[in-house]
Structures are given as C-alpha cells and as structure tokens.
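This is what each chain is made of:
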Amino acid sequence: VGHCHPDIVKAAHEQNQLLNTNSRYLHDNLVDYAERLSKTLPEKLCTFYFLNSGSEANDLALRMARQYTKHEDVIVLDHAYHGHLTSLIDISPYKFRKLEGQKEWVHVAPVPDMYRGLYREDHEDSVTAYANEVKNIIEQAHKKGRKIAAFFAESLPSVGGQIIPPAGYFQKVAEHVHTAGGVFIADEIQVGFGRVGKHFWAFQLQGEDFIPDIVTMGKPIGNGHPIACVATTKEIAEAFAATGVEYFNTFGGNPVSCAIGLAVLDVIEKEHLQAHATEVGDFLMKLLKEQKTKHPIIGDVR
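Because the structure is predicted, anything quoted here is derived from the model rather than measured.

What counts as what
Residues numbered from 1 in each chain as written. Predicted model: local features only at pLDDT ≥ 70, side-chain atom pairs only at ≥ 80, totals over all residues. Heavy atoms only, no water. Helix = DSSP H or I, 4+ residues; strand = E, 2+ residues; numbered from the N terminus. Rg over C-alpha atoms; globule rule 2.2 N^0.38 Å. Buried < 20%, exposed > 50% of the residue type's maximum accessible area, 1.4 Å probe, protein only. Contact = heavy atoms within 4.5 Å. Areas by Shrake-Rupley, 256 points an atom, 1.4 Å probe, with all protein chains shown as cover. Lys, Arg positive; Asp, Glu negative; His and termini not counted. Charge placed at Lys NZ, Arg CZ, Asp CG, Glu CD. Phe/Tyr/Trp six-rings, centres within 6.5 Å; stacked < 30°, edge-to-face > 60°. Lys NZ or Arg CZ within 6 Å of the ring centre and 35° of its normal. Pairing = 2+ DSSP bridges. Axes fitted to C-alpha atoms, helices over the stretch in contact; angles between N-to-C directions. Core = buried A, V, L, I, M, F, W, Y, C linked by side-chain atoms within 4.5 Å.

(A) Here's a closer look at the overall build of the chain. Along the chain, the regular secondary structure elements total ten helices and seven strands. A compact globule built from 302 residues would reach a C-alpha radius of gyration of about 19 Å, and the chain, at 20 Å, matches this within 12%. Taking the principal axes of its C-alpha atoms as reference, the chain extends roughly 60 × 55 × 35 Å. Residues counted as buried form 49% of the 302 residues belonging to the chain. Across the chain, every contact between residues at least 6 apart in sequence was considered, and the portion connecting residues at least 24 apart equals 73%. Per element, the accessible surface of the chain, about 15,100 Å² overall, is 52% carbon and sulfur. A gap of 5 Å separates the mean positions of the 30 positive and 38 negative side-chain charges of the chain.

Written out as structure tokens, the structure reads:
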C-alpha cells in the first residue's frame with residue numbers, strides 16, 4: 001500500500017504505545033484480524049495460523065499437509081521458489097538444482113506455460129495435457145510405493161516467469177491430487193491481497209469452483225512488516241491439532257502485527273487499490289500489446 005503509508009504507521013505506533021506481547025496472551029486484535037481476513041476467502045478456509053514470514057507459512061503448510069494425509073511426497077512446479085528454510089529449499093527447483101539436488105520425496109511437474117511450455121496455445125487441450133503430467137507423476141510415485149501429501153504451487157508462478165495458468169488447470173490437478181489422498185496448497189505470498197486486480201486472491205482467477213485446501217500469505221500482508229498467515233479448513237486444522245503437539249509461534253499474531261494487518265486491509269478497501277491494480281494493469285497491458293504488434297522481438301506480454 002506504499003512506503004510509510006500514514007495509516008499503517010499510525011496503527012503500528014498506537015498499538016506499540018498500548019501493548020505488544022507474545023501470543024500466549026490473548027488479545028482482541030488477533031481475533032478481529034482473523035475474522036476480517038476470513039471475509040476475503042471462501043467459507044471453507046476458516047482456520048488461521050499467524051506467523052512472521054512467508055517461509056514460516058509455507059513450512060507450516062507442508063507440516064499440516066503431511067500430518068493430515070499421513071503421506072510424505074510433494075509435487076511442485078518447475079522453477080518454483082517457496083522460501084528459504086531447508087524444508088522449502090527442498091521443494092524449490094529454482095534453488096535445489098544449484099545446491100544438493102532433488103530429494104526422492106519431491107516430484108517436479110512442468111509449469112503450465114502457454115507461451116513457452118510443453119503444451120502451447122495451439123494445443124487442442126493444453127489444460128488437460130498439463131494436468132495429466134501431474135497425474136502421471138502420481139502414478140509413477142505410486143509404482144515406487146510412495147504417497148502424495150501435497151501439490152504445492154504459487155497461484156501465479158513468479159520466479160518461473162510470471163506464468164498465468166490456464167483456467168481450469170488447478171481444478172483438474174486438485175482432482176488428481178485429492179484422488180491420491182493429497183491436498184492442494186496455494187502459495188499466495190507474492191500474488192495475494194488484490195495484486196491481480198480482478199480478484200483478491202490469485203487462485204480465484206481459476207474460477208469460483210476452485211478452492212485450495214491450504215492458502216499461505218506473506219509479503220503484502222503487512223506492507224513490509226513481518227507478518228504471515230496460513231488459512232486452512234477445519235478438518236486439516238483438527239488433524240494437525242490431534243497430535244497433541246500444539247503449534248506455537250511466539251510473535252506470530254502479536255497485537256502490533258495484527259493492528260498493521262487490519263490497517264493494510266483498511267487501506268486496500270478505502271483507496272480502492274484492487275480496482276486500481278486492474279485499471280493500471282489493463283492500461284499497461286494494452287500499450288505493451290500495441291508494442292508487441294509493432295515489434296516481432298516481443299513474444300509474450302505478462
């Protein structure tokens with residue numbers, strides 16, 4: 001919402017003057033913020049965990065998926081980057097290819113890139129073809145006696161080249177993953193909070209009938225302040241709690257972070273930033289597409 005936005009600075013300052021404490025102490029801001037955030041998401045995603053960074057959020061999502069499914073393996077998209085913790089480097093081809101290589105529990109699916117990918121715009125059914133690549137990975141894993149815990153993907157793969165997956169791709173992938181007993185994790189850390197303009201969450205570009213099992217948030221959630229979140233279903237949250245080992249994060253969801261989170265949502269709403277993103281995006285795309293028709297060197301505009 002902009003550097004040093006006065007509303008964000010004010011919210012942080014006012015809460016700092018009152019109280020900041022670890023999250024063992026109850027505070028209304030936590031509940032108020034969770035409630036407010038829940039209004040932006042499908043009803044099914046009704047349980048929230050607050051953390052300090054996107055990497056923490058993705059690591060927790062991975063733990064939850066494994067606890068819920070009792071499986072270990074993860075399918076990711078090629079070129080993906082999901083964070084800097086060891087567990088996330090392991091599921092980030094962008095990183096692990098330069099480091100220790102691919103773990104046996106990690107499976108890499110091709111990016112659904114309609115411009116430069118395996119199946120392109122001229123393909124008769126690229127959506128099904130890309131989803132079938134995931135299905136084949138699952139079948140190969142099963143042959144080796146391995147089981148899928150999650151399909152883990154950014155709603156719009158960013159490091160992979162700002163790829164916009166064709167509508168319907170996530171639905172078909174989710175079907176294959178659910179059949180295999182896995183869950184669908186949508187990483188919205190870089191692309192959430194109205195940044196796609198037409199919707200508040202990038203996964204919503206796939207259509208109203210698609211709802212991930214777990215959504216992770218970071219980056220814009222606190223306008224630069226360290227706050228992150230994992231949203232999931234009641235069933236997954238209950239399975240995660242059933243171990244008896246509670247999830248505790250000292251400063252995740254502290255009063256100051258939640259005050260800032262609330263202020264960010266206020267600003268997005270008050271200043272119509274989602275509509276602004278759509279307008280500016282459409283304007284830029286129109287002009288860049290004009291350049292594309294003029295210059296053959298421009299292959300695709302994203």
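(B) The arrangement of the packing of aromatic side chains in detail. The tally for this structure, following the rule as stated, stands at 17 aromatic pairs. A centroid spacing of 6.5 Å and a plane angle of 10 degrees characterise the contact between Phe 48 and Phe 50, whose relative ring orientation is stacked. Overall, Phe 50 belongs to the buried group, its relative accessible area being 7%. Each ring, one from Tyr 119 and one from Tyr 130, has its centre 5.1 Å from the other, and the planes form 80 degrees; the classification is edge-to-face. You can see Tyr 119 sitting in the loop between β3 (106-109) and α6 (126-143) and its partner Tyr 130 sitting in helix α6, a full eleven residues away along the chain. Taken as a pair, Tyr 119 and Tyr 130 share a single burial class, namely buried. Linked through ring pairs, Tyr 119, Tyr 130, Phe 151, Tyr 169, Phe 170, Phe 184, Phe 203 and Phe 210 together constitute an aromatic cluster. Arg 66 extends its terminal NZ or CZ atom over the ring of Trp 105, reaching a point 4.3 Å from the ring centre.

(C) Region of interest: the sheet that holds strand β1 (residues 47-51). One open sheet accounts for seven strands, arranged β1-β7-β6-β5-β4-β2-β3; its pairing is mixed. Strand pairing shows two members of the sheet lacking a second neighbour, β1 and β3, which therefore form its edges. The average undirected angle you get between the axes of adjacent strands in this sheet is 20 degrees. Here helix α2 (residues 28-38) sits on the sheet in contact with β1, β6 (214-217) and β7 (228-232), set at roughly 120 degrees to β1. In this fold helix α7 (residues 169-179) packs onto β2 (73-77), β4 (148-154) and β5 (183-187), with an angle of close to 140 degrees to the strand it touches most, β5.

(D) Main features of the nonpolar core. If you look at the biggest cluster of nonpolar residues, it comprises 54 residues, and the most contacted ones within it are Tyr 33, Leu 37, Val 134, Phe 151, Tyr 169, Phe 193 and Met 217. For this core, the element with the most residues is helix α9 (residues 255-270), which contributes nine residues. Aside from chain neighbours lying at most four places away, what touches Met 217 is Leu 37, Leu 41, Gly 54, Ala 57, Ile 189, Phe 193, Trp 201, Ala 228, Cys 229 and Ala 231. Within the second largest apolar cluster, 25 residues are counted, among which are Leu 60, Leu 62, Ile 214 and Ala 237.

(E) Seen up close, unusual backbone geometry. The backbone phi angle of Cys 4 is positive, close to 55 degrees, even though this residue is not glycine. Secondary-structure assignment places Cys 4 in the segment before α1 (6-18). Even without being a glycine, His 79 presents a positive backbone phi close to 70 degrees. For His 79, the position within the fold is in the loop between β2 and α4 (86-89).

(F) The arrangement of the pairing of β2 in detail. Counting buried positions over the five residues of β2 gives five, a clear majority of the element. Burial along β2 is two-sided: the face carrying Asp 73, Ile 75 and Leu 77 and the face carrying Val 74 and Val 76 are both buried. Looking at chain direction, β2 and β4 are connected through four bridges and run parallel. Paired with Asp 73 across the strands is Ile 148, a residue of β4. In terms of strand pairing, β2 meets β3 through four bridges, oriented parallel. Within β3, the residue paired with Ile 75 across the bridge is His 107.

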